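# An overview of the molecular structure
Here is what each chain is made of, one letter per residue.
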2 protein chains.
Amino acid sequence: MTDTLSTTPTTDAPAAADERSALDVARDEFRAEILAAGLLVDAGQPGLYGRSGLFDDIVDGLCAYVARSFADQKPERYRFAPVMSRDEYELTDYIVSFPQLAGTVNGFRGTDADHRQLIAARERGEAWDPYLVPAETTLVSAVCHPVYERLRGTLPEGGRVINVRGFSFRHEPSNDPMRLQAFRMQELVFLGDPAAAKTFRDVMSQRQVKGLQELGLDAKIVAANDPFFGRTGKFLASNQLADEAKLEVVVKIYGDLDEGTAIASGNHAGAHFGPIFGIDQADGTPAHSSCMAWGLERVTLALLRTHGLDVAAWPESVKADLGLSHVGA
Amino acid sequence: MTDTLSTTPTTDAPAAADERSALDVARDEFRAEILAAGLLVDAGQPGLYGRSGLFDDIVDGLCAYVARSFADQKPERYRFAPVMSRDEYELTDYIVSFPQLAGTVNGFRGTDADHRQLIAARERGEAWDPYLVPAETTLVSAVCHPVYERLRGTLPEGGRVINVRGFSFRHEPSNDPMRLQAFRMQELVFLGDPAAAKTFRDVMSQRQVKGLQELGLDAKIVAANDPFFGRTGKFLASNQLADEAKLEVVVKIYGDLDEGTAIASGNHAGAHFGPIFGIDQADGTPAHSSCMAWGLERVTLALLRTHGLDVAAWPESVKADLGLSHVGA
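## Digging into the overall build of chain A
Secondary structure summary: chain A contains eleven helices and 14 strands in total. Here the C-alpha atoms of chain A give a radius of gyration of 21 Å, agreeing with the 20 Å that 2.2 N^0.38 yields for 329 residues. Taken along its principal axes, the extent of the C-alpha atoms in chain A is 60 × 55 × 40 Å. Per-residue burial for chain A yields a buried fraction of 57% across its 329 residues. Of all intrachain contacts in chain A linking residues separated by at least 6 positions in sequence, the fraction that spans at least 24 positions is 72%. When the accessible surface of chain A is summed, it comes to about 12400 Å², and 54% of that surface belongs to carbon and sulfur atoms. Across chain A, the centroid of the 32 positively charged side chains sits 2 Å from that of the 46 negatively charged ones.

Written as structure tokens, this is what we have:
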């Protein structure tokens with residue numbers, strides 16, 4: 001079992017300095033290097049960062065590279081906000097499988113008098129959250145989640161391929177710069193018949209890892225599982241592994257200190273989302289789905305780890321692939 | 001007083017069809033046109049949308065246009081996540097001034113047993129929010145908010161100019177497609193001495209409106225105020241108006257049905273943020289600040305309203321300015 005693309009629960013609670021593992025130290029060092037280079041900016045909470053303009057230039061180049069590489073799939077492009085409808089979030093059952101990663105949104109709907117009480121509580125140093133109520137939204141956990149409700153109904157013959165990109169939120173504070181609380185994912189989602197959904201995942205996974213290798217990354221595919229919560233979750237995870245429902249592209253960011261970090265994944269959801277969201281194949285039976293995901297900050301950090309923090313000195317071919325030839329020219 | 005850039009509290013609670021004002025009807029019609037054209041996608045809650053790839057191509061072109069237009073300011077580029085540190089959110093006092101717009105984040109930190117209770121409550125159709133607790137983050141309300149803590153300390157002579165872009169969240173569900181719950185802002189933030197902060201706002205506001213006019217928008221600058229909450233807020237708002245602390249660039253999206261919609265703004269925060277975040281001028285006294293903001297979805301929608309929903313048919317000069325010459329070519 002490997003580290004997953006932003007889903008493995010972290011146990012990075014601060015430990016006394018002498019208890020820190022070699023892996024923790026390696027993470028701290030990489031984090032310090034990235035911050036010192038100004039590529040990421042500490043945003044005041046573990047796993048929360050700002051990015052430099054250059055960092056996001058790499059991300060933008062990567063998205064364009066993915067779009068070019070998979071243009072033959074003729075995906076429809078959609079982008080969603082970092083918050084989604086709570087009703088749809090409920091349909092995904094995310095809070096059942098991954099409560100430890102969830103983020104919900106609260107807002108204030110009170111009167112002027114309620115607000116005065118909120119302020120008074122705040123001034124006494126007390127919590128003011130009790131004056132808030134759940135809003136109509138939650139944070140998006142996987143950028144494909146807001147897609148499904150939009151596809152309710154019957155798919156065309158041959159299915160649909162969606163290119164979606166946006167912010168994900170996972171509540172997993174960490175010292176590892178590879179593990180962010182808020183990060184961007186690029187996904188390609190397929191919905192259609194069962195065989196096509198499986199083939200899409202298998203074929204595109206091979207193309208995904210090859211594309212990442214062509215950027216110079218020492219990347220390989222492994223079977224993986226999501227970090228389902230609790231005791232029941234252990235069974236779900238081992239089923240997922242046995243079914244090879246989840247493949248990950250991993251890169252050894254920290255040498256042999258761990259088995260590598262997932263930077264991308266290929267997920268065969270099968271008949272999970274189709275029935276939940278009322279998405280049918282052209283023949284009227286529930287659609288199957290699969291999706292390919294790139295962790296945009298993780299791929300970028302893997303590139304920086306591999307080619308160095310000085311982007312101007314990256315191999316010319318990699319810079320050209322990512323539209324970065326002007327950097328340092 | 002005009003509609004502000006995403007900050008005026010909305011009173012768009014659903015009304016019986018025959019109670020809807022002509023303005024409401026005009027908003028509904030524009031919303032329906034934008035959705036029918038596939039430029040925005042209804043994401044299941046009032047004010048929550050997905051965007052088509054083409055919509056975001058316009059936004060990207062707009063950001064590049066702003067970057068070129070203000071390149072002489074040599075801004076440092078930073079981008080932040082849609083969530084920010086709750087400690088810093090507290091420092092902004094946003095919950096005091098704009099509780100009605102705020103969004104906080106909750107997460108689950110319980111045990112396996114707690115989770116079983118959460119699931120049982122959910123299966124009984126009860127709220128499961130009571131099993132969550134406040135997380136370390138809140139949604140970002142203004143994209144400059146995560147910037148200030150990063151500048152703590154003493155500014156260089158001449159101050160600093162920051163180019164920042166990201167998602168804002170404002171809890172104001174609406175039928176108006178110009179008013180989103182989650183939207184992107186491009187900002188240019190200045191921190192330095194008092195005179196320079198005021199001059200920056202005044203000079204850049206003129207350049208801001210001119211740049212938007214050059215894109216074909218019938219835009220003008222007006223004095224405005226933020227929608228401070230409650231009775232006390234009324235005084236703050238009228239002070240802000242009297243001080244001309246906030247200028248807005250407005251476009252009449254709905255003809256003479258209202259006074260126009262803000263698509264951009266220039267804000268003179270003066271000595272507000274400097275002392276709060278411990279940002280000093282080179283001489284050791286608290287820094288003053290000002291910022292210019294573009295509502296990226298709003299400018300894009302104003303362009304669509306002005307030039308039509310068929311981007312291929314937009315004036316060639318506008319397409320060229322926004323890097324869209326290939327659309328329909």
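## Looking at the packing of helix 2 (residues 53-69) of chain B against helix 10 (residues 296-307) of chain B
Residues and elements named next belong to chain B. Helix 10 packs onto helix 2 with a crossing angle of 110° between their chain directions and a minimal axis gap of 10 Å. Comparing the axis directions of helix 2 and helix 10 gives the class roughly perpendicular. Contacts between helix 2 and helix 10 involve F55, I58, V59, L62 and C63 on the former and, on the latter, L296, E297, V299, T300, L301, L303 and L304. A class-by-class count of the residues in the contact of helix 2 with helix 10 yields ten nonpolar, one polar and one charged.

## Topic: helix 7 (residues 194-214) of chain B
Residues and elements named next belong to chain B. Between the first and last C-alpha of helix 7 there are 30 Å, a value that for 21 residues agrees with the 30 Å anticipated at 1.5 Å per step. For helix 7, the complete set of buried residues consists of A197, F200, R201, M204, S205, Q208, V209, G211 and L212. The N-terminus of helix 7 is capped by D193, whose side-chain oxygen sits 3.1 Å from the backbone nitrogen of A195. G216 lies just past helix 7 and shows a positive phi near 95°.

## Considering the layout of surface pockets
In this approach the atoms are scanned with a rolling probe the size of a water molecule, which exposes any empty space left behind. Considered as a void within the structure, the largest pocket measures approximately 1200 Å³ in volume. Taken together, 45 residues make up the lining of the largest pocket; nearest its centre are D60(A), R165(A), D56(B), D60(B) and R165(B). Mapped by element, the contributors of at least two residues to the lining of the largest pocket are helix 2 (53-69), strand 3 (76-80) and strand 8 (160-169) of chain A together with helix 2, strand 3 (76-79) and strand 8 (160-169) of chain B. Split into classes, the residues belonging to the lining of the largest pocket amount to 17 nonpolar, eleven polar and 17 charged.

## Describing the sheet that holds strand 2 (residues 48-52) of chain A
Across a sheet, strands are paired by hydrogen bonds formed along the backbone, either parallel or antiparallel in direction. Strand order in the open sheet made by the nine strands is 1(A)-2(A)-3(B)-8(B)-9(B)-14(B)-12(B)-11(B)-10(B), with mixed pairing throughout. Only two strands of the sheet have a single neighbouring strand rather than two, namely strand 1 (40-45) of chain A together with strand 10 (219-224) of chain B. Strand-to-strand, the axes of this sheet are offset by a mean angle of 25°, without reference to chain direction. Note that strand 8 of chain B and strand 9 (residues 182-192) of chain B share ten bridges and pair antiparallel. Residue pairing across strands places I162(B) opposite V189(B), the latter belonging to strand 9 of chain B.

## Let's talk about the interface of chain B and chain A
Listed by partner, the interface residues are 67 residues for chain B and 67 residues for chain A. Carbon and sulfur atoms supply 56% of the area buried between chain B and chain A, which totals about 5400 Å² over both sides. Summed over the three residues of chain B that lose the most area to chain A, namely R79(B), R122(B) and W128(B), the buried surface amounts to 10% of that side. At the surface where chain B touches chain A, the tally comes to eight salt bridges. Between R122(A) and D93(B) there is a salt bridge, with the nearest N and O atoms lying 2.9 Å from each other. Inspection of the chain B/chain A interface yields 30 residue pairs in polar contact (both at pLDDT 80 or more). Broken down by element, the residue count for the side of chain B that touches chain A peaks at six residues, all from helix 5 (residues 112-123) of chain B. Class assignment for the residues of the side of chain B that touches chain A results in 30 nonpolar, 18 polar and 19 charged. The pairing of strand 3 of chain A with strand 2 (residues 49-52) of chain B spans three bridges and is classified as antiparallel. Counterpart to R79(A) in the pairing with strand 2 of chain B is R51(B).

## Side note on the pairing of strand 5 (residues 104-107) of chain A
Two faces belong to every sheet, and in a regular strand the side chains alternate between them. Neither face of strand 5 of chain A is open: one carries T104(A) and N106(A), the other V105(A) and G107(A), and all of them are buried. Across three bridges, the pairing between strand 5 of chain A and strand 6 (residues 133-139) of chain A is antiparallel. Each bridged residue has a counterpart across the sheet, and for T104(A) the counterpart in strand 6 of chain A is T138(A). Pairing analysis gives three bridges linking strand 5 of chain A to strand 5 (residues 104-107) of chain B, with the strands arranged antiparallel. The partner of T104(A) across the bridge, within strand 5 of chain B, is N106(B).

## Re the pattern of salt bridges
Summed over all chains, the structure comprises 52 salt bridges over all chains. The partner of D256(A) in a salt bridge is K252(A), and the shortest N-O contact between them spans 3.2 Å. Judged by its relative accessible area of 70%, D256(A) is exposed. On the accessibility criterion, K252(A) (42% relative accessible area) is partly exposed. A salt bridge links R20(B) to D28(B); the nearest nitrogen and oxygen atoms lie 3.0 Å apart. The partly exposed category is assigned to R20(B), whose relative accessible area is 23%. Within this structure, R51(A), D56(A), R184(A) and E297(A) form a network of salt bridges that share partners.

## Topic: the packing of aromatic side chains
In the structure shown here, the tally under the stated rule is 20 aromatic pairs over all chains. Put simply, the rings of Y89(A), Y94(A), F98(A) and F228(A) pair up and form one aromatic cluster. Between R86(A) and the ring centre of W128(B), over which it is positioned, the NZ or CZ distance is 4.9 Å. In this structure, R305(A) packs its charged tip against the face of F30(A), placed 4.3 Å from the ring centre.

## Section: the sheet that holds strand 11 (residues 246-251) of chain A
The nine strands lie next to each other as 10(A)-11(A)-12(A)-14(A)-9(A)-8(A)-3(A)-2(B)-1(B), forming an open sheet whose pairing is mixed. Where the open sheet ends on each side, the last strands, each with one partner, are strand 10 (219-223) of chain A together with strand 1 (40-42) of chain B. On average, each strand axis in the sheet is tilted by 25° relative to the strand beside it, whichever way the strands run. Of the strands in this sheet, strand 1 and strand 2 of chain B touch helix 1 (residues 22-36) of chain B, which is tilted by about 105° from strand 1 of chain B.

## Brief notes about the domain arrangement of chain A
All names here are of chain A. Here the domain parsing of chain A yields domain 1 (17-103 + 141-321) and domain 2 (107-138). The interface of domain 1 with domain 2 comprises seven residues on the first partner and five residues on the second. Overall, the association of domain 1 and domain 2 removes approximately 490 Å² of surface from exposure, summing both partners, and the carbon and sulfur fraction of that is 52%. Three residues stand out in domain 1 for area buried against domain 2, namely V83, M84 and R86, and they jointly supply 73% of the buried area on that side. Summed over the shared surface of domain 1 and domain 2, the number is two residue pairs in polar contact (both at pLDDT 80 or more). Broken down by secondary-structure element, the contributors of at least two residues to the side of domain 1 that touches domain 2 are strand 4 (83-85) and helix 3 (86-92). For the side of domain 1 that touches domain 2, the element with the highest residue contribution is strand 4, accounting for three residues. Considering only residue class, the side of domain 1 that touches domain 2 consists of four nonpolar, two polar and one charged.

## Focus on the nonpolar core
Counting residues in each nonpolar core, the largest one holds 156 residues, and the members touching the most others are I263(A), L322(A), I263(B) and L322(B). Of all hydrophobic cores here, the second largest spans 15 residues; its members include M84(B), F98(B), A102(B) and F229(B).

Conventions and cut-offs
Residues numbered from 1 in each chain as written. Chains lettered and ligands numbered in written order. Predicted model: local features only at pLDDT ≥ 70, side-chain atom pairs only at ≥ 80, totals over all residues. Heavy atoms only, no water. Helix = DSSP H or I, 4+ residues; strand = E, 2+ residues; numbered from the N terminus. Rg over C-alpha atoms; globule rule 2.2 N^0.38 Å. Buried < 20%, exposed > 50% of the residue type's maximum accessible area, 1.4 Å probe, protein only. Contact = heavy atoms within 4.5 Å. Areas by Shrake-Rupley, 256 points an atom, 1.4 Å probe, with all protein chains shown as cover. Lys, Arg positive; Asp, Glu negative; His and termini not counted. Charge placed at Lys NZ, Arg CZ, Asp CG, Glu CD. Axes fitted to C-alpha atoms, helices over the stretch in contact; angles between N-to-C directions. Parallel < 35°, antiparallel > 145°, perpendicular 65-115°, else oblique. Nonpolar A, V, L, I, M, F, W, Y, C, P; charged D, E, K, R; others polar. Expected span 1.5 Å × (residues − 1). Polar contact = N/O pair within 3.5 Å; in protein donor to acceptor, adjacent residues only side chain to side chain. 1 Å grid on protein atoms, 1.4 Å probe; cavity = no way out; pocket = protein on both sides within 12 Å on 5 of 7 lines; lining within 4 Å. Points joined across faces, edges and corners; volume = space filled by probe spheres on them. Pairing = 2+ DSSP bridges. Buried area = accessible area lost by both parts, 1.4 Å probe. Salt bridge = Lys/Arg side-chain N within 4 Å of Asp/Glu carboxyl O. Phe/Tyr/Trp six-rings, centres within 6.5 Å; stacked < 30°, edge-to-face > 60°. Lys NZ or Arg CZ within 6 Å of the ring centre and 35° of its normal. Domains from an automatic or database assignment. Core = buried A, V, L, I, M, F, W, Y, C linked by side-chain atoms within 4.5 Å.

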